[in-house]
Amino acid sequence: MYKSKAFSAAGPTAPLASDTIPRRDPVGRDVQMEILFCGICHSDLHQVRDEWKHAMPTIYPCVPGHEIVGRVTKVGPGVTKHKPGDLVAVGCLVDSDHDCPQCKADLEQFCPNLTLTYNFPDKHKTAPVTYGGYSDSIVVDERFVLRVPANLNLAGVAPLLCAGITTYSPLRHWGVGKGKKVGVVGLGGLGHMGVKFARAFGAHVVVFTTSPGKKEDALRLGAHEVVLSRNADEMAKHANSFDFILDAISAQHDINAYINLLARDGNLTMVGAPEKPLSVAVFGLIFGRRSFSGSPIGGIAETQEMLDFCGKHNITADVEVIPIQKVNEAYERLLKSDVKYRFCIDMASLKAK
Ligand code: NAP
Ligand code: ZN
């Protein structure tokens, strides 16, 4: 066991502050890495503030962070995939049982015995729960450590590990591509990656935003059209027309306004995870045989496929790099939708006093 520097929250209303946490020494198939960058996901904020207490209550101290890139510093004797010096990445998953039908289908995100990167019981008993990437180092089983394409900017790669795979996976699952009209709702961290992927897959992409100031950016990121969602006339023009809509909103909103924009057999998938339940008017689903579903992150093989796709097509997240000392300020800005389009922590700042 060794000590790692980190930022943690002591309770739901406490700011994140400097802390020291235990990490296990790398044994067996473990990879130890120095963390260079970690993205800030809105899930970190939900979890730190215990907004998901009904589904995943937070255990404190909580060290969030599941968009991790870094360099391998040491490996256990059983490691074959990575070696010291390699650029690697870790997302939302650090373990699963490798044995269930879900794992065998490369869908570890549905494994009943999965371990999430933070706030999950620590199988290794190094600490009561797993601690995430707001830290200078982490130790992870090599099966959950991804290869990073060498041509990409590292700060822009970090958000791919959650925002990237969480949008890539449902767009692939629902067959988004040429000839499809696709909506992306909420231009934050997830939404802006959804736009980049939907465009790269060849779809006609429409962004829905509440922020008029993001219109130009939406077009630059790849949207063909932008709709200000608070303008009922603009919304009405798109009624019954979408094959697929990806909803990446972090807060309460009227989901029925988007269901009504789906064409026959269209699907709306939620990746946004607001604190409180959303109310669905079933008539919107019945007429048009539309469907409403959800999607969590993605499996490890698909995450590697997504990273390789990004390497090939030169896709990264648009990031605002911050020192870790600004993390609380970044959380407040997330709540105001003031993010362009992902905050990413430069972990070198953790070394500063
Ligand atoms: P984010 O960067 O804060 O973006 C959220 C965006 O939603 C905002 O930028 C804003 O976009 C829009 N929005 C915020 N409040 C709104 C409101 N009251 N009404 C309408 N629109 C609003 O968040 P993120 O990191 O992308 O995460 C988005 C959600 O996905 C979070 O709930 C997060 O926990 C969840 N998530 C789920 C998964 C999964 O596996 N399913 C994975 C990661 C994250 P505009 O300014 O364009 O309106
Ligand atoms: Zn996330």
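Higher on the page you've got the structure.
Our subject in this report is the structure included herewith. Fair warning: this is a prediction, and the values are worked out from it, not measured in the lab.

Observations regarding helix α5 (residues 189-200)
Thinking step 1. Between its first and last C-alpha atoms α5 spans 17 Å; for 12 residues at 1.5 Å apiece the expected length is 16 Å, and the two agree.
Thinking step 2. Extensive coverage of α5 is indicated by the burial of 10 of its 12 residues.
Thinking step 3. For α5, every residue scored as buried is listed here: G189, L190, G191, H192, M193, G194, V195, K196, F197 and A198.
Thinking step 4. At the exit of α5 stands G202, carrying a positive phi of roughly 100°.

Topic: the sheet that holds strand β10 (residues 181-185)
Thinking step 1. Pairing within the open sheet is parallel, and its 6 strands lie in the order β12-β11-β10-β13-β14-β15. Lying at the two open borders of the sheet, with one neighbouring strand each, are β12 (225-228) and β15 (291-294). Going across the sheet, the axis of each strand differs from the next one's by a mean of 20°, ignoring polarity.
Thinking step 2. Seen against the sheet, helix α4 (residues 163-173) touches β10, β13 (242-247) and β14 (262-270) and runs at an angle of roughly 160° to β13.

A closer look at helix α11 (residues 327-335)
Thinking step 1. Buried within α11 are the following residues: V327, A330, Y331 and L334. Each buried residue of α11 sits inside an arc of 105° when the element is viewed along its axis, so together they form one side.
Thinking step 2. In this structure, the buried residues of α11 make contact with β1 (2-8), β3 (30-40), α1 (42-48), β16 (319-323) and β17 (342-346).
Thinking step 3. Where α11 ends, the next residue or the one after it, S337, has phi of about 60°, a positive value.

A short note on the environment of I245
Thinking step 1. Within the secondary structure, I245 is located in strand β13.
Thinking step 2. Here the alpha-carbon distance between I245 and G183, two residues 62 residues apart in the chain, equals 4.4 Å.
Thinking step 3. Leave out the neighbours within four places in its chain, and I245 touches G183, V185, Y258, L261, L262, N267, L268 and T269.

Focus on the coordination of the zinc ion (ligand 2)
Thinking step 1. At 2.0 to 2.2 Å from the zinc ion (ligand 2) lie its protein donor atoms, namely C41 (SG), H66 (NE2) and C162 (SG).
Thinking step 2. Mapping the donors of the zinc ion (ligand 2) onto the primary sequence gives the spacing C-x24-H-x95-C. Here the residue C41 occupies a position in the loop between β3 and α1, and C162 occupies one in the loop between α3 (154-157) and α4, the gap between them amounting to 121 residues.
Thinking step 3. Note on C162: relative accessible area 5%, which makes it buried.

Calculation criteria
Residues numbered from 1 in each chain as written. Chains lettered and ligands numbered in written order. Predicted model: local features only at pLDDT ≥ 70, side-chain atom pairs only at ≥ 80, totals over all residues. Heavy atoms only, no water. Helix = DSSP H or I, 4+ residues; strand = E, 2+ residues; numbered from the N terminus. Expected span 1.5 Å × (residues − 1). Buried < 20%, exposed > 50% of the residue type's maximum accessible area, 1.4 Å probe, protein only. Pairing = 2+ DSSP bridges. Axes fitted to C-alpha atoms, helices over the stretch in contact; angles between N-to-C directions. Contact = heavy atoms within 4.5 Å. Arc of directions from axis to C-beta. Donors = N, O, S within 2.8 Å, 3.2 Å for Na, K, Ca; no water.

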